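So you can see what is in the structure, the chains are spelled out below.
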Amino acid sequence: MPFEFNFDNSFARDMTGFYIPWNGDAVPEPRIVAVNEQLARELGLDPTSLMTDEAAAILSGSALAENANPLAMAYAGHQFGNFAPQLGDGRALLLGELTGTNGKRFDLALKGSGPTPFSRGGDGKAVIGPVLREFLVSEAMNALGIPTTRALAALTTGEIILREQGAQPGAVLCRTAASHIRVGTFEFFAARGQGEHVRKLADYVIARHYPDIQASKSPYLDLFGRVRDAQADLVARWMLVGFVHGVMNTDNTTISGETIDYGPCAFLDTYKPDAVFSSIDRFGRYAYGNQHDIAQWNLARFAECLLELVSPGDQKAAAELAGNELNRFPERYRASWLQGMRGKLGMHDEHDEDLELSQELLRLLQQQDADFTLFFRHLSEAAAGDDEALAGLLSNEASMQAWLTSWRRRLAREDVSQEDRMIAMNRANPLYIPRNHKVEEALAAASAGDMKPFHKLLSVLRQPYTERPGLEDFAQPAPDGFGPYTTFCGT
Ligand code: AMP
Ligand code: MG
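What you see is a predicted model, and the numbers here were worked out from it, not measured in a lab.

### Concerning the packing of aromatic side chains
Overall, the coordinates contain 20 aromatic pairs when judged by the stated rule. When the ring of Phe135 is compared with that of Phe454, the centres are 5.4 Å apart and the planes differ by 85°; the resulting orientation is edge-to-face. Taken together, the residues span a long stretch of sequence, with Phe135 in helix H4 (residues 128-143) and Phe454 in helix H17 (residues 452-461) at a distance of 319 residues. The same class applies to Phe135 as to Phe454, namely buried. Summarising the aromatic geometry, the rings of Phe372 and Phe376 are spaced 5.2 Å apart at their centres and angled 65° between planes, so their arrangement reads as edge-to-face. Here Phe372 pairs with Phe376, and both are found in helix H12 (residues 372-383), just 4 residues apart, close to one helical turn. Looking at Phe372, the relative accessible area reads 4%, which means it is buried. You can call Phe376 buried: its relative accessible area is 1%. Ring pairs connect the aromatic residues Tyr271, Tyr288, Phe372, Phe375 and Phe376, which therefore count as one cluster. Over the face of the ring belonging to Trp297 we find Arg285, whose NZ or CZ atom lies 4.6 Å from the ring centre. Over the aromatic face of Trp297 sits the side chain of Arg301, whose NZ or CZ is 4.4 Å from the ring centroid.

### Some points on the domain arrangement of the protein
Parsing the protein into structural domains produces domain 1 (10-180) and domain 2 (184-336). On a C-alpha basis, the centroid separation for the pair domain 1 and domain 2 is 23 Å. Between domain 1 and domain 2, a total of about 3,300 Å² is buried, with carbon and sulfur atoms accounting for 61% of that surface. If you sort the residues of domain 1 by the area they bury against domain 2, Phe18, His78 and Phe80 come out on top, with a joint share of 21%. For the interface between domain 1 and domain 2, the tally reads 20 residue pairs in polar contact (both at pLDDT 80 or more). Breaking the side of domain 1 that touches domain 2 down by element, the ones donating at least two residues are helix H1 (10-14), strand S4 (77-79), strand S7 (105-111), H4 and strand S10 (166-177). A per-element tally of the side of domain 1 that touches domain 2 places H4 first, with 5 residues. Of the residues in the side of domain 1 that touches domain 2, the class split is 18 nonpolar, 13 polar and 8 charged.

The rules behind the values
Residues numbered from 1 in each chain as written. Chains lettered and ligands numbered in written order. Predicted model: local features only at pLDDT ≥ 70, side-chain atom pairs only at ≥ 80, totals over all residues. Heavy atoms only, no water. Phe/Tyr/Trp six-rings, centres within 6.5 Å; stacked < 30°, edge-to-face > 60°. Helix = DSSP H or I, 4+ residues; strand = E, 2+ residues; numbered from the N terminus. Buried < 20%, exposed > 50% of the residue type's maximum accessible area, 1.4 Å probe, protein only. Lys NZ or Arg CZ within 6 Å of the ring centre and 35° of its normal. Domains from an automatic or database assignment. Buried area = accessible area lost by both parts, 1.4 Å probe. Polar contact = N/O pair within 3.5 Å; in protein donor to acceptor, adjacent residues only side chain to side chain. Nonpolar A, V, L, I, M, F, W, Y, C, P; charged D, E, K, R; others polar.

Written out as structure tokens, the structure reads:
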């Protein structure tokens, strides 16, 4: 089958002034190193057509696909709290939009396709390690049921790129997203006082992501509420699996509510609210336990962009309306998180004591060395009265006994068979997550030309809840010599 995309490019067509049309760099030797066959099918693409030389040329940005309107999007952003009025796609291109077999519209974009007018002195390139890291972790997140951009393909370019860590093979990631519009996209135009652009962008995202509020009497306030809820739910999901994004700048905060830009992200090993992995996050702004506060802070920046639309000419009224909506973030976040915790703890119904029980567990876990993922996984056995595996994880078993007793008493209030509860808990508590040492192992092998560990790890992460013989190693915490673990931005 010839290589063909059915692009329909609404952003290119309708949003002139929000981007710069641009082409990728020609690269010496584009080569596909990984294709996401599952995602290809969801997009109505024939996976084998993505493995051809023609596809490699297009997905590296070297050649232009028919109907593509490659463009670099403009955006600004608050980075570590400081406003940068111009960021934009400095090494990325939006190729076009596709409709998946589920009827939903997706962006298809490249990362690492060469410099653009937004590069600000950067080389516009990406290297193999971070590209495959994003591939692995975003697929893991998707398998965990967490909204995320997804990797369609990873390519090497035949170039050698110099980075702090040394010379690296150049690479491009081809990814999909519900859209690449961020809080920072709004900030770009709001900061320039381009109110009409902000309105146009808001109308576009309402039509694309939240069409049911189009007829609302207060669509812009409703838009804010929807994005608030989407972000609250998203960060709650991160917290429940121990995910640390690492660089929650407003340019990495999507309007769709998808996780985007897997740079220095990592999963918790033991439960520590102050866990930070990123080498550049020196003050712990984006620590695990700060993520919901930061999401709310980012939403405040979004609200500021919308004030003029919410109540034209009356900043005070607008600030009050938007402020009230913003203040509902903690409640939404907590409800979403608590609902997830109920699932993790094997609870079906809602009882008043659940919040306190959940919070008390986390207080106790902080004093233990227990692996976060395995602790929850082994709770299902403990629910059925078998504490052995759980006890093996705890550094201070005695301090946990009172909680376990209260928890079992709480479970006894529900008429659920032990078997059904165990099945439900094992569907809520993953066994396989992208463990930092395993990710590093796969990336090191890939950088040396061996893709086997990458593909193996990917296949493990695709079914995070299903225990399979022979994969014991993938469920284990890092060996003692590994760590403290530090991640670097993809640049
Ligand atoms: P990120 O940290 O990947 O979210 O990127 C933040 C900003 O830096 C975005 O505007 C990127 O386009 C830009 N950027 C990151 N890496 C590069 C690079 N190698 N060359 C040019 N721009 C880059
Ligand atoms: Mg980014």
